[in-house]
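Structural characterization, general
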Amino acid sequence: MEPLSQRGPPRLSWIDTLYSNFNYGTEDYDAEGNEEPKVPPGGSETMPYIDESPTMSPQLSARGQESGGGGTDNVSFTPTDGLGTEGERDAGKGLDMRKLVLKDFLASEEMYINQLEALLLPMKPLKATATTSQPVLTIQQIETIFYKIQDIYEIHKEFYDSLYPKVQDWDGAVSLGHFFQKLASQLGVYKAFVDNYKIALETAEKCSHSNYQFQKISEELKVKAPKDSKESHTSVTMEALLYKPINRVTRSTLVLHDLLKHTPSDHPDYPLLQDALRISQNFLSSINEDIDPRRTAVTTPKGETRQLVKDGFLVELAEGSRKLRHVFLFTDMLLCAKLKKTAVGKHQQYDCKWYVPLAELVYPSPEESDPCPHVHAMADHDLEDVKMKISSMKSEVQKERANKGQSRAMERLKKKVFDNEFWLLLNSPSIPFRIHHRNGKSYLFLLSSDYERAEWREAIQKLQKKDLQTFVLSSVELQVLTGSCFKLRTVHNIPVTSNKDDDESPGMYGFLHVIVHSATGFRQSANLYCTLEVDSFGYFVSKAKTRVFRDTTEPQWNEEFEIELEGSQSLRILCYEKCYDKSKLNKDDNEIVDKIVGKGQVQLDPQTVQTKNWHMDVIEMNGIKVEFSMKFTSRDMSLKRTPSKKQTGVFGVKISVVTKRERSKVPYIVRQCVEEVEKRGIDEVGIYRISGVATDIQALKVAFDANNKDILMMLSDMDINAIAGTLKLYFRELPEPLLTDRLYPAFMEGIALSDPSAKENCMMHLLRSLPDPNLITFLFLLEHLKRVAEKEPVNKMSLHNLATVFGPTLLRPSEVESKGHLSLASDIWSHDVMAQVQVLLYYLQHAPLSYAELKRNALYISTDV
């Protein structure tokens, strides 16, 4: 008789059919652009069969085993029809095989029942505390997490209790098919479980973050070991146990397939098993798309489950250049791959670049680790240029779509958008994330978000708490695993906005006002601060940071920020503990390592935040609660110039009125803010780009409007970003732009001229046409911005960056006609905005300009005429 462990994969064609319902439609791309597709050994693109059932036992594994003294690289296949050997074809032997299959299945059924018992064990005490004054979970949360588990347990307990004695007192002639038929008829309970599965996981995860007691319960549930095991129990997470029912249907279906194969067609069980298999197959095909593919797994050579935990696209710095990789974190290893170019009609496949068993992944101290390789950071103005190009092209795509333009032209534009977004994705990240192998080798990824880096670190470190063993994969094993990645992956598209469907939300464009109020839930005093991240052009970037609240368990920041949104859909808040210990220098980014104590994310729902009133919310993170409020202003509304009703102040009052009242050439507010920035802010990284605290800006606004005597004292004490923000706000709130409404169309036409001489004459003439207060103030600001840009190596603010910040503020008209392009989500980087930036950039890049020289030239021109 053929041993069970030596059987080939009789289920190959059926399991392929079973999983054919997964259709991911990934974009075809080459992450490096310089490698040809590689053909697997032997010239075939067909990958060896993978057992995709997470708890498939080694005895029933469909993977072929090596025979005799053959190496592990040999994979054998057995035809799906027939029983393989002459002895196997004998009916009596086939019935003996039925017994072996059933015994093995009963053993796994016993284990499954133990797992369900372990899952149910905490449910009763949790329900008992739900009605007390200090509940761990609410009744609703308990019912969501443990939905239908009790019913599933009772179904399988009855099935096991009925089948077990029949197999123990084996009689091949006795019919057992009705047990399987009954089990299959109760699959409706599993459908209800599957429909609730995703929300059950999300609820469990959310409760773990917000309740430390539940977190401890869910991390280590005790599963009773099988009767013949030496150990009394094993520890399993609640997340892993919640997946077991989904996997169980697949396992039961495969066993039915095996039983049918070893049951003679004239046996009374045959029609019953056929019926049960039909029901199970129909059920599986109906729920396949509901099953989270992340939970799918492969079986290791030892019969253990290797499950995918997390995957995503990361930028790797390899051999001095940036490469886009797809990184897969399994329960015991980290695998870095790239999607290979394939011919049209061929299956896409991954090419493994490297892998590291988690048992061999280490965290050297700063003293032990090598210095991080030099990362060439792309200049901010280059990144901004590309963003402008992308938004301009998106506007063209929208116009083509509105005009029902040619599909070929549309596709060319979309291709250009994708290419530029892909370049941005590769070149924007700068936060290092290093993977260290214990042999001394390391791999460097670059991320754009500290939130994302923390997620990867936490996921890896959580897995490393388990008893992991080191291993080496054979070439075939690696090929099989890499081949499975295409089906297992949960992130299917490169994170660029051009991969979104046309009916997907384009995100929000404008300004999000966020007040970070306070945080609670800290167990001991610490120095605490928060940062805010939003997604922009498909990836997340840090936008604001609160001050450090020192030595407290209840920080009260109450700081307001204005965050520019560029197609954003999510807001992330990270809470840090500030580290002042200089011995903990991180060689990866040459900064003190601040500890992330909590992080959370909220979706930006336009319906919620696009109101005049503040929307208050709470993010729960690892037992910490951060309170914040937010409201949204569209870009055209935020730049809408509304004259002040009070003419005694300076904000919202014409510049000519202010200078006449003050008897000055340049408004006092402009002179004082510029002086303070040049005194102590000119070396500040991101000066004028980084948001100041809105409450501080409002305090300065009130003080300048009231002509407060203490204004100089306030300025010397105030955060420099708040002073820079006050200056920007002053120009933004002028009732008409500094370069005037009247001349705005001429500025737009002048900057578009191609002839350098004509452009020079036009742009200088326009300056001379400005009223004196506007011209003198503009020239004063121009020289200040040039001095700021001279410090670009320190403050990272180039002329281009400064033009991007100030261009729309100084030029945007007070009343904009309702043109078609204003309805576009990407109006923030529309042609008009690009032109406004270019106007200011022209003057910033020009040789020094003086009021006297401009007026002298004006006199010369008028005399000449």
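Residues numbered from 1 in each chain as written. Predicted model: local features only at pLDDT ≥ 70, side-chain atom pairs only at ≥ 80, totals over all residues. Heavy atoms only, no water.

Per the secondary structure count, the protein chain includes 29 helices and 21 strands. Each of the 865 residues in the protein chain was classed as buried or not, and the buried ones make up 52%. Partitioning the contacts of the protein chain with sequence separation of at least 6, the portion at a separation of at least 24 is 74%. (Helix = DSSP H or I, 4+ residues; strand = E, 2+ residues; numbered from the N terminus. Buried < 20%, exposed > 50% of the residue type's maximum accessible area, 1.4 Å probe, protein only. Contact = heavy atoms within 4.5 Å.)

Now for the nonpolar core. Counting residues in each nonpolar core, the largest one holds 69 residues, and the members touching the most others are Tyr688, Phe731, Phe747 and Tyr843. The element best represented in this core is helix H25 (residues 772-790), accounting for nine residues. Among the nonpolar cores identified, the runner-up in size contains 59 residues, and Ala130, Phe159, Leu187 and Phe214 belong to it. (Core = buried A, V, L, I, M, F, W, Y, C linked by side-chain atoms within 4.5 Å.)

This part takes up the packing of helix H23 (residues 744-751) against helix H24 (residues 756-768). Running from N to C, H23 and H24 cross one another at 160°; their axes reach a closest spacing of 9 Å. Of the possible angle classes, the one that applies to H23 and H24 is roughly antiparallel. Crossing geometry of H23 relative to H24 is assigned as left-handed. Taken together, the residues of H24 that come into contact with H23 (itself represented by Ala746, Phe747, Gly750 and Ile751) are Lys759, Cys762, Met763 and Leu766. In the contact of H23 with H24, the residues fall into six nonpolar, one polar and one charged. (Axes fitted to C-alpha atoms, helices over the stretch in contact; angles between N-to-C directions. Parallel < 35°, antiparallel > 145°, perpendicular 65-115°, else oblique. Left-handed = near helix turned anticlockwise from the far one by under 90°. Nonpolar A, V, L, I, M, F, W, Y, C, P; charged D, E, K, R; others polar.)

Looking at the secondary structure, you find aspartate 772 in helix H25. On the accessibility criterion, aspartate 772 (33% relative accessible area) is partly exposed. Put simply, aspartate 772 and serine 656 are 116 residues apart on the chain and 8.4 Å apart in space, counted from C-alpha to C-alpha. Contact partners of aspartate 772, with chain neighbours within four places excluded, come to Tyr851 and Lys855.

Tallied over the entire structure, the rule returns 20 aromatic pairs. Between the aromatic rings of phenylalanine 159 and phenylalanine 180, the centroid separation amounts to 5.2 Å while the plane-to-plane angle is 75°, which identifies the pairing as edge-to-face. Of this pair, phenylalanine 159 sits in helix H6 (residues 149-168) while phenylalanine 180 sits in helix H7 (residues 177-185), and the two are 21 residues apart along the sequence. Considered together, phenylalanine 159 and phenylalanine 180 belong to a single accessibility category, that of buried residues. Relative to phenylalanine 704, the ring of tyrosine 668 lies with its centre 6.3 Å away and its plane at 65°, an arrangement referred to as edge-to-face. Here tyrosine 668 is found in helix H19 (residues 668-680), whereas its partner phenylalanine 704 is found in helix H20 (residues 694-705), with 36 residues between them in sequence. Accessibility expressed as a relative area gives 24% for tyrosine 668, which makes it partly exposed. An aromatic cluster is built from Trp354, Phe433, Tyr443 and Phe445, whose rings are joined through pairwise contacts. The ring of tyrosine 451 has lysine 599 lying over it, and the distance from NZ or CZ to the ring centre is 5.6 Å. Over the ring of phenylalanine 511 we find arginine 732; its NZ or CZ atom is 5.3 Å from the centre of that ring. (Phe/Tyr/Trp six-rings, centres within 6.5 Å; stacked < 30°, edge-to-face > 60°. Lys NZ or Arg CZ within 6 Å of the ring centre and 35° of its normal.)

Pairing of side chains with opposite charge becomes possible as their charged atoms draw close. Tallied over the full model, the rule gives 27 salt bridges. Its salt-bridge partner being lysine 310, residue glutamate 455 comes within 3.8 Å of it at the nearest N-O pair. With a gap of 145 residues between them, glutamate 455 in helix H14 (residues 450-464) and lysine 310 in strand E4 (residues 305-318) connect regions that are remote in the sequence. The class of glutamate 455 is partly exposed, set by a relative accessible area of 28%. (Salt bridge = Lys/Arg side-chain N within 4 Å of Asp/Glu carboxyl O.)

Our next topic: the confidence of the model for the protein chain. Scored by pLDDT, the protein chain has a mean of 78; 78% of the residues are at 70 or more. Every residue in residues 1-89 is under pLDDT 50, and counting partners more than four places away or in other chains gives 191 contacts. The low-confidence segment residues 861-865 (pLDDT under 50) makes one contact with residues lying over four places distant or belonging to another chain. (pLDDT = per-residue confidence, 0-100.)

Take helix H15 (residues 475-488) next. Its 14 residues give H15 an end-to-end C-alpha distance of 20 Å, which sits within 8% of 20 Å, the value for a rise of 1.5 Å per residue. Burial of H15 is extensive: 10 of the 14 residues sit out of reach of the surface. All of the buried residues in H15 are Val476, Glu477, Leu478, Gln479, Val480, Leu481, Thr482, Ser484, Cys485 and Leu488. (Expected span 1.5 Å × (residues − 1).)

Below, the discussion takes up the sheet that holds strand E15 (residues 556-568). Taken together, four strands build an open sheet; the order of strands is E15-E11-E21-E20 and the sheet is antiparallel. Here the strands that pair on one side only, and so sit at the sheet edges, are E15 and strand E20 (615-621). With direction set aside, neighbouring strand axes in the sheet form an average angle of 30°. Taken together, the 10 bridges between strand E11 (residues 508-520) and E15 define a ladder with antiparallel strand orientation. Opposite leucine 512, over in E15, you have isoleucine 563 as the bridge partner. (Pairing = 2+ DSSP bridges.)

Within strand E6 (residues 333-339), seven of the seven residues are buried, which leaves the element mostly enclosed by the surrounding structure. Sheet topology places strand E5 (residues 321-330) next to E6; four bridges connect them, and they run antiparallel. Each bridged residue has a counterpart across the sheet, and for leucine 329 the counterpart in E6 is leucine 334. Turn length for the E5-E6 hairpin, with the two strands adjacent in sequence and antiparallel, is two residues.

All right, on to a positive patch on the surface then. A cluster of basic side chains, namely Lys216, Lys462, Lys465 and Lys466, defines a positive patch on the protein surface. Note that lysine 465 resides in the loop between H14 and H15. (Patch = residues over 30% accessible without salt bridge, like charges linked within 9 Å, V, L, I, M, F, W, Y side chains within 5 Å. Areas by Shrake-Rupley, 256 points an atom, 1.4 Å probe, with all protein chains shown as cover. Lys, Arg positive; Asp, Glu negative; His and termini not counted. Charge placed at Lys NZ, Arg CZ, Asp CG, Glu CD.)

Next up on the list: the pairing of E4. The buried fraction of E4 is high, at 12 of 14 residues. As paired strands, E4 and E5 are joined by 10 bridges and run antiparallel to one another. Its bridge partner lying in E5, lysine 310 is registered against leucine 329. Between E4 and E5, which pair antiparallel in sequence order, lie two residues; one of them, glutamate 319, sits at a positive phi of approximately 55°. Bridge analysis of E4 against strand E10 (residues 442-447) gives two bridges, and the strand direction is antiparallel. Residue pairing in the sheet places glutamate 316 in a bridge with phenylalanine 445 of E10.

Our next topic: the environment of glycine 510. Note that glycine 510 resides in strand E11. By relative accessible area, which is 0% here, glycine 510 ends up buried. With 53 residues separating them in the primary sequence, glycine 510 and isoleucine 563 have C-alpha atoms 8.4 Å apart.

With that settled, the discussion passes to unusual backbone geometry. A positive phi angle, close to 70°, is found at lysine 148, a residue other than glycine. Inspection of the secondary structure assignment puts lysine 148 in the loop between helix H5 (139-145) and H6. Despite not being glycine, asparagine 707 has its phi angle at roughly 55°, a positive value. Summarising the element assignment, asparagine 707 is placed in the loop between H20 and helix H21 (711-717).

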